Amino acid sequence: MSTAGRTRRARWFTTAGADPHADHQVFLFPHAGGTAPAYQAWAATLPSTMDVRTLQLPGRQERLDEEPFSDVEPLLDALLEVFEAELDGRPYLLFGHSFGALLAYRLSVATAWNGLPAPALLGVSAWAPALQPAAELARVATMSDDELLDRVGQLGLMPEGTTLDPATLASIMPALRADFLAAGSLREDGEPAPCPVAAYCGTADPIVAPGDMAAWADHCADFLGTTQFPGGHFYLFEHTAALQHSLDRRLRRLSARV
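Figured I'd write up the structure that's included with this text.

Criteria and thresholds
- Residues numbered from 1 in each chain as written.
- Predicted model: local features only at pLDDT ≥ 70, side-chain atom pairs only at ≥ 80, totals over all residues.
- Heavy atoms only, no water.
- Pairing = 2+ DSSP bridges.
- Helix = DSSP H or I, 4+ residues; strand = E, 2+ residues; numbered from the N terminus.
- Contact = heavy atoms within 4.5 Å.
- Axes fitted to C-alpha atoms, helices over the stretch in contact; angles between N-to-C directions.
- Salt bridge = Lys/Arg side-chain N within 4 Å of Asp/Glu carboxyl O.
- Buried < 20%, exposed > 50% of the residue type's maximum accessible area, 1.4 Å probe, protein only.
- Phe/Tyr/Trp six-rings, centres within 6.5 Å; stacked < 30°, edge-to-face > 60°.

Attention now moves to the sheet that holds strand E1 (residues 13-14). Reading across from one edge, E1-E3-E2-E4-E5-E6-E7 is the order of the seven strands in this open sheet, with mixed pairing throughout. With one partner strand each, in any of the chains shown, E1 and strand E7 (223-229) form the two edges of the open sheet. Against the sheet, helix H4 (residues 99-113) engages strand E2 (24-29), strand E3 (50-55), strand E4 (92-97) and strand E5 (121-125), with an angle of about 145 degrees to E4.

In structure tokens:
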């Protein structure tokens, strides 16, 4: 299927009801294999000043009949096209978790390259540039279903030892593998984000050590530092209110600068 065909078929950003009167647009980018509904509860508690839209990539749920992207460059090309149509002139925040942070970061870079308004803030969670070698990500993508589920279990996304029926496996594995391959296909060029960056992570994350997030200082002109929370790779679902309060506070302070 062509990129244009993918872009027209389904809506990439879902919303429970856009608020045109909110101060900011907020775009959420889920983790590898993640879906928009997985972040709906998280999005529901963001301040009313934020008009929230959550990314739903091809190859999952209502987009299950679409082939998932396994290469990050064509994915970003398609994403930029639909993202531009979402912007309405209000300041906006990009927030991504894990693989979603990679996409949010590279999308912010693409906005600068293409003359679009830059985000007011880029929030990055549990991912930093040059964190994992492409070969390691490719190896994960080629694991057996059982091995990949064990890997996901180790990250805390689902209880270790969870078994899934064949139909469920068939529906989630292609997108999960494709996301790992897409992450591994990123060619690191050191391009800075065109906006302030706030980093977040869990203190017990088995993939991302808190010190790893300091790499963002070399990938933007205005690094706002790293906020750590107790927990593992998916700490954000345990500390929703505190993380969202931090994002809101940072947006307010940045708005006051103008």
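We now examine the pattern of salt bridges. For the coordinates displayed, the defined rule picks out twelve salt bridges. Arg-90 serves as the salt-bridge partner of Asp-51, at 2.7 Å between the closest nitrogen and oxygen. Remark: Arg-90 occurs in the loop between helix H3 (72-86) and E4 and Asp-51 occurs in strand E3; sequence separation between them is 39 residues. Among the residues examined, Asp-51 registers a relative accessible area of 1% and is labelled buried. Asp-248 is paired through a salt bridge with Arg-252; the nearest N and O atoms lie 3.1 Å apart. Taken as a pair, Asp-248 and Arg-252 lie in helix H8 (residues 240-257) at a separation of four residues, close to a single helical turn.

Attention now moves to the packing of aromatic side chains. Enumeration over the complete set of coordinates arrives at 16 aromatic pairs. A ring pair is formed by Phe-13 and Phe-29, whose centres lie 6.0 Å apart and whose planes are at 85 degrees; its orientation type is edge-to-face. Separated by 16 residues along the polypeptide, Phe-13 in strand E1 and Phe-29 in strand E2 bring together distant segments of the chain. Phe-29 carries the same exposure label as Phe-13, and that label is buried. Aromatic side chains Trp-42 and Phe-95 sit 5.3 Å apart centroid to centroid with 15 degrees between the ring planes, which places their arrangement in the stacked category. Taken as a pair, Trp-42 in helix H2 (residues 40-44) and Phe-95 in strand E4 lie far apart in primary sequence, 53 residues in all. Comparing Trp-42 with Phe-95, the two get one shared label, buried. Site record: aromatic cluster; members linked through ring pairs are Phe-13, Phe-27, Phe-29, Phe-83 and Tyr-92.

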